[in-house]
Amino acid sequence: MRPLFLIGLMLCCAASSLAQAPPQRRFAAATAEEAKRWQAASRSVLLDLLKMKDQWDGRSNPATFLPFHERRIRTNLKEKYTIHEIEINSTVQRRLPIVLTIPNINAAQGKYPAVVCIHGHGGTRFSVYEPQGPYRAFAQTLAEKGFATISVDVGQHKVHEEGRTLMGERLWDLIRAYDYLARRADVDAERIGCAGLSLGGEMAMWLGAMEPGIGATVSSGFLTTVANMREGHCPCWDFPGLTEAFDFSDIYSLIAPRPLLCQIGKQERAPGGFPPEIAQAAMKGIDRAYGVLSAKGKAELEIHPEGHVFIVPTGVAFLEKHLKP
Ligand SMILES: [Zn+2]
C-alpha cells in the first residue's frame with residue numbers, strides 16, 4: 001500500500017469516527033443531586049451554544065433587564081376573553097408583536113394562570129387561535145377556560161442580529177413573552193405553562209427545558225431523536241455543538257421533575273414525520289430522568305390515533321390539572 005493512500009485511509013477513519021461519536025453530555029445521573037448538577041451544567045452549555053448567555057444573564061438583574069416599552073395596537077372584546085394586540089421590545093434592536101388574551105371573568109384568586117402558546121413552520125402568532133389547521137384553536141380553548149394566553153411569531157429561517165443563532169432568537173422571543181406574562185399584575189407567575197405543535201412543540205421543549213419557571217409543558221408533534229430529524233426534516237432544529245453534546249431526550253430531561261405531556265399521532269411516518277416508535281424510545285430516556293428526580297409518571301406520552309395535530313381535550317386538561325389552583 002502506498003503511504004499517501006494509508007494516510008488518506010487513516011484520515012477518513014478518523015473523520016467517520018468523529019462523525020459517529022456519541023453525544024458527550026447525555027443524561028446519565030444516578031442520584032437526584034447528580035441530576036440537578038447535570039441540568040444546571042447543561043443549561044449553561046446550551047446558553048453558550050445558543051449564543052444567548054448575555055441576554056439570559058441580563059434578565060436576572062433589574063438594572064440590566066430590558067424594559068418592554070409596551071405599545072397597544074388594538075383590542076378586541078370576545079364573549080369570554082379580550083384579545084390585546086401589543087408590541088414589546090424583544091431586544092434593543094428589535095420589536096416583538098404579540099397576541100395576549102385575558103379572560104373577561106375575574107380570576108379565582110385575583111390572578112390568572114397563563115400559557116405561552118407556540119406555532120410551528122409557516123404559522124403566525126394568530127395560528128394557535130384558529131380552528132382551521134393543525135393547532136385546532138388550542139389557545140382559544142385555553143382563553144375560554146380562564147387562562148391568560150400569549151403568542152408570538154416564531155422566527156422561521158432568518159437570523160435577525162449578528163452573533164445570534166436562529167434557535168437562540170426563537171427561544172429569546174418566547175422568554176420575553178414569558179417574562180412579560182410573569183410581570184403582569186393579573187397573571188400568577190407561579191402558574192405559567194407552555195404548549196405548542198411541531199416546531200411549536202420543539203420550542204415548547206426548549207422553553208420548558210431552559211426556564212425553570214415554566215410549570216407545565218405540552219409538546220405536541222415533536223418528541224423524537226436527532227437521527228430521525230436528520231432524515232427528511234427542515235434542518236433548522238440544528239445549531240453548532242448541539243448534537244455533539246445531546247439528543248432530544250436530554251433536552252426534555254431538563255424539564256424534570258416538572259409536568260410534561262408529549263403528544264404523537266399514530267399516523268406519523270418517517271422520513272419527515274415523528275413516528276410513535278421513535279417517540280417511545282426517546283421517552284425511555286426522559287423517564288429515566290424523571291425516575292431519578294422522584295417524579296415517575298409526571299412525564300406522559302400520549303399516542304393518539306391522528307396525525308400531525310394538537311389534541312386539544314387532553315392537552316388543555318393537562319394544563320388545567322397542573323396550572324389551575
Ligand atoms: Zn425550518
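Definitions and limits used
Residues numbered from 1 in each chain as written. Predicted model: local features only at pLDDT ≥ 70, side-chain atom pairs only at ≥ 80, totals over all residues. Heavy atoms only, no water. Helix = DSSP H or I, 4+ residues; strand = E, 2+ residues; numbered from the N terminus. Rg over C-alpha atoms; globule rule 2.2 N^0.38 Å. Buried < 20%, exposed > 50% of the residue type's maximum accessible area, 1.4 Å probe, protein only. Areas by Shrake-Rupley, 256 points an atom, 1.4 Å probe, with all protein chains shown as cover. Lys, Arg positive; Asp, Glu negative; His and termini not counted. Charge placed at Lys NZ, Arg CZ, Asp CG, Glu CD. Donors = N, O, S within 2.8 Å, 3.2 Å for Na, K, Ca; no water. Tetrahedral: all angles 85-135°; square planar, octahedral: opposite > 155°, others 65-115°. 1 Å grid on protein atoms, 1.4 Å probe; cavity = no way out; pocket = protein on both sides within 12 Å on 5 of 7 lines; lining within 4 Å. Points joined across faces, edges and corners; volume = space filled by probe spheres on them. Nonpolar A, V, L, I, M, F, W, Y, C, P; charged D, E, K, R; others polar.

A.B. asks: Describe the overall build of the chain, listing the residues and the values that go with them.
C.D. replies: Along its length, the chain carries eleven helices and nine strands. Computed over its C-alpha atoms, the radius of gyration of the chain comes to 20 Å, within 12% of the 20 Å expected for a compact globule of 325 residues. For the chain, with 325 residues in total, the buried portion stands at 54%. For the chain, the computed accessible surface area is about 14,600 Å², with 56% contributed by carbon and sulfur atoms. Here the chain contributes 37 positively and 34 negatively charged side chains, and the mean placements of these two sets differ by 2 Å.

A.B. asks: Could you give an account of the coordination of the zinc ion, with specific residues and numbers?
C.D. replies: Distances from the zinc ion to its protein donors, namely H121 (NE2), H157 (NE2), C234 (SG) and C236 (SG), fall within the range 2.0 to 2.2 Å. With four donor atoms in place around the zinc ion and angles of 103 to 121° between them, the coordination shape is tetrahedral.

A.B. asks: Please give an account of the layout of surface pockets that cites residues and values.
C.D. replies: One number sums up the size of the second largest pocket: a volume of about 230 Å³. Of all the secondary-structure elements, those providing two or more residues to the lining of the second largest pocket are helix 3 (53–59) and helix 5 (166–182). Its residues placed into classes, the lining of the second largest pocket shows four nonpolar, six polar and five charged.

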